[in-house]
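Below, each chain spelled out in residue letters.
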Amino acid sequence: MAGILNTSLTGMLAFQRALDVTSHNIANANTPGYSRQVAEFTARPGSGSGVGYIGSGTQIASIERMYDAMQTEQLRTTTTGYARFNTLNNLASRIDVLLADPDTGLNTGLQSFFNTVQDLANDPSSIPTRQAVIGEAQSLASRFQSLDESLDALEAEVNDRIELSVADINRLASSIADVNEKISLANGTGNAPNDLLDERDALVLQLSAQVSVSTTLQDDGTMSVFIGSGQSLVLGGEARQLGTGGTEFDMTRMTVTYQSAAGSTPLDTTSTGGNLGGLLDYRSSILDPTRQSLGQTAIAFANSINEQHAAGMDLRGNLGGDLFSVDDPDVLPSSNNSGSGTATASVSDLGALTGVDYVLEFDGSAYSLRRTDNNMTVALSGTGTPADPLTADGLSIVVGGSPAAGDRQLIRSAHDAAGSIRSVITDPQAIAMAAPTRVSAALANTGGAAVAATSVMDATEPQLLDTAVIEFTSATTFTVNGSGSFTYTDGAPIVVNGSSFTLSGVPATGDQFMIEPNFGASGDNANGLLVAELQSVGILEGGSISINENYGRLVSGVGSTTHQIQSGLEAQAVVLKNAEDAVLSTSAVNLDEEAANLIKYQQAYQAVAQVVSVASTLFDSLLNATRR
């Protein structure tokens, strides 16, 4: 009788536990990260009797968590990839719109400026049209500045987001370490703490959305978490912390550091992944190149316009001054420098200007230059003095002071140029539309030579506006102001005092041509036409890329990159959905199944209870029989 009761009692307890597990599953059917639990039944050991072993009931051997480690690892990996692409897409699309939008981009402003210059070339004496050129110059400079301010705001936002991401990583690492301690204590009982394991997996999944992680399970049930190139973030109940700070050159440019027992070291971000990796990738591969290319366009525009404008003459008879100003490249010394070396940089060759950043390093005896985008060393020439500066990639670098070995300087050739451009001309009569000199033939000439073309070769020549008389001493020789004897070739340029002109035909002995200042030529548009042509003239990359083409290439490049990121995001979304479905197929709670289990365990419990009732009836019958 006692055996029947004991056996029934084990069944009642086991089915009660199974009902508890089923109720727990139903209650957590919508809990993120919860893994379905299953009560595993086993038979209790039987006892021997004369006729064989008689069973002693059932018991719950364990409560298993429906979990697949490979599926969970795949979900973490795809979550990391999706988070990275999602961050890249959100930020890259904003730059794409900023550059391509007619109201914010440069295309409309550039076209409007050059159209107005062309209008002035058609009527160079018009003061209202000259005033319109000044207005368009100011508007275009404002567009450059506005774009740079927007990019600067995006850079500040990236810094803020990096700090928030690092704070989230630190918080999650501490939480994982706390759960590790609880799991380690719970494992001492010999039973797996399923809910704590789910909590830890959920925390690691959240962490994988911020940064790429790898995990290792330890014998005590704790999980070690690693990031970067293998730096430990969580070891048992101990969590390491990440930090943020500026670079050695710029304290406003946020970087990520790893805080270890040995101190703070830069975190290897080559395979960071997640939201943090997306932020760092966006800054280095999209934001920085965009600012550099925009600055390169600003420098090319301002310098080429100024150079051509200086080769003309204004309405007052003065040579043209600058229409725009743009700052020289920034030079930032490293905070680790121990010497007192200095460096200044300027743009000396637009055709060779790349716009990228460089690191200038002193090894104790000589300087070397390295690009920051690809770490390639760039050949330097010159000694670094003002008379013989170091030159490379369109830059002239003058060094001074007393540098120590290992001292470094960051040269930003174009990073901040777009924000520094200004329109500096305010007087409409100071716009130099005319050529500074003109060439005329003497009325007494008898030969067949005629002026075919004139131009200015060197607007900085001090004697540019000096009058010069070219007199032919024969059909093939001439003098300049009565001096020398120079060879004449039909169609070959004759250069005098920075001015150049060509003749076609054969001159006669005694024929004269005069180069003189182009005073009073208010209707002359020779230089204005050259300024207007700069819109399509090759300037950058050895004279193969125009100002418009350089900006157009920037817009199309950002657009293409954004499209690739969007495609990558869509692909990652599909992969992530598949990974989530795989995990759910194993771990998710099926309410229909749980409802069936409820009925099954309830009926089993009721059946066992009926056995108890039978045992009670038998016992009552026995008592009644013994009373008689």
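Refer to the structure presented above.
Residues numbered from 1 in each chain as written. Predicted model: local features only at pLDDT ≥ 70, side-chain atom pairs only at ≥ 80, totals over all residues. Heavy atoms only, no water.

## Quick word on the overall build of the protein chain
In step 1: The helix and strand tally for the protein chain stands at 10 helices and 29 strands.
In step 2: Against the globule reference of 25 Å for 628 residues, the protein chain gives a C-alpha radius of gyration of 41 Å, more extended than a compact globule.
In step 3: Projected onto its principal axes, the C-alpha coordinates of the protein chain cover approximately 165 × 55 × 40 Å.
In step 4: In the protein chain, once contacts between residues fewer than 6 apart in sequence are set aside, the share between residues at least 24 apart is 70%. (Helix = DSSP H or I, 4+ residues; strand = E, 2+ residues; numbered from the N terminus. Rg over C-alpha atoms; globule rule 2.2 N^0.38 Å. Contact = heavy atoms within 4.5 Å.)

## Considering the environment of Gly-273
In step 1: In this fold, Gly-273 is placed in the loop between strand S11 (263-266) and helix H6 (274-310).
In step 2: Since its relative accessible area comes to 16%, Gly-273 is described here as buried.
In step 3: Note: C-alpha distance between Gly-273 and Ser-208 (65 residues apart in sequence) is 8.4 Å.
In step 4: Those residues in contact with Gly-273, other than ones at most four positions away along the chain, are Thr-80, Arg-84, Gln-210, Val-211, Ser-212 and Gly-278. (Buried < 20%, exposed > 50% of the residue type's maximum accessible area, 1.4 Å probe, protein only.)

## Quick look at the sheet that holds strand S27 (residues 493-496)
In step 1: Spatially, S23-S28-S27 is the arrangement adopted by the 3 strands of the open sheet, whose pairing is antiparallel. Edge positions in the open sheet fall to strand S23 (450-456) and S27, since each of these has one partner strand only. Between one strand axis and the next, the sheet turns through 25 degrees on average, direction left out of account. (Pairing = 2+ DSSP bridges. Axes fitted to C-alpha atoms, helices over the stretch in contact; angles between N-to-C directions.)

## Description of unusual backbone geometry
In step 1: One non-glycine residue, Asn-375, adopts positive backbone phi at about 60 degrees.
In step 2: Notably, Asn-497 is not glycine yet its phi reads approximately 55 degrees, a positive angle.
In step 3: Accessibility expressed as a relative area gives 21% for Asn-497, which makes it partly exposed.

## Observations regarding the pattern of salt bridges
Pairing of side chains with opposite charge becomes possible as their charged atoms draw close.
In step 1: The tally for this structure, following the rule as stated, stands at 24 salt bridges.
In step 2: Close ionic contact of Arg-291 with Asp-148 constitutes a salt bridge, the shortest N to O distance being 3.0 Å. Here Arg-291, found in helix H6, pairs with Asp-148, found in helix H4 (residues 127-186); they are 143 residues apart in sequence, far enough to count as distant. Of the two residues examined, Arg-291 and Asp-148, each falls in the buried class. (Salt bridge = Lys/Arg side-chain N within 4 Å of Asp/Glu carboxyl O.)

## Focus on the pairing of strand S28 (residues 499-504)
In step 1: The buried fraction of S28 is high, at 5 of 6 residues.
In step 2: Here S23 runs beside S28; their pairing, made up of 6 bridges, is antiparallel. Bridging from a neighbouring strand, Thr-454 pairs with Phe-501 of S28.
In step 3: In textbook terms, the turn of a hairpin is the stretch between consecutive antiparallel strands, and for S27 and S28 this stretch comprises 2 residues, one of which, Asn-497, has a positive phi near 55 degrees.

## Things to note about the environment of Met-12
In step 1: For Met-12, the position within the fold is in helix H1 (residues 2-27).
In step 2: Linking Met-12 and Tyr-601, residues 589 residues apart in sequence, is a C-alpha distance of 9.7 Å.
In step 3: Contact partners of Met-12, with chain neighbours within four places excluded, come to Tyr-605, Val-608 and Val-612.

## Observations concerning the sheet that holds strand S14 (residues 342-347)
In step 1: What the 3 strands build is an open sheet, ordered S14-S19-S18; its pairing is antiparallel. Of all strands in the sheet, those bounded by a partner on one side alone are S14 and strand S18 (390-392). Strand-to-strand twist across the sheet, computed as the mean angle between neighbouring axes with direction ignored, equals 25 degrees.
In step 2: Alignment of S14 against strand S19 (residues 395-400), held across 6 bridges, turns out to be antiparallel. Looking at the pairing, Val-347 lines up with Leu-395 of S19.

## Let's talk about the packing of aromatic side chains
In step 1: Evaluated as defined, the whole model comprises 13 aromatic pairs.
In step 2: Between Phe-114 and Phe-301, the ring centres sit 6.1 Å apart and the planes meet at 90 degrees, which makes this aromatic pair edge-to-face. Of this pair, Phe-114 sits in helix H3 (residues 107-122) while Phe-301 is found in helix H6, placing the two residues 187 residues apart along the sequence.
In step 3: Taking the relative accessible area as the measure of exposure, Phe-114 reaches 2% and is therefore buried.
In step 4: If you follow Arg-65 out to its NZ or CZ, it ends over the ring of Tyr-67, 4.1 Å from the centre. (Phe/Tyr/Trp six-rings, centres within 6.5 Å; stacked < 30°, edge-to-face > 60°. Lys NZ or Arg CZ within 6 Å of the ring centre and 35° of its normal.)

Purely geometric numbers; function is a separate question.
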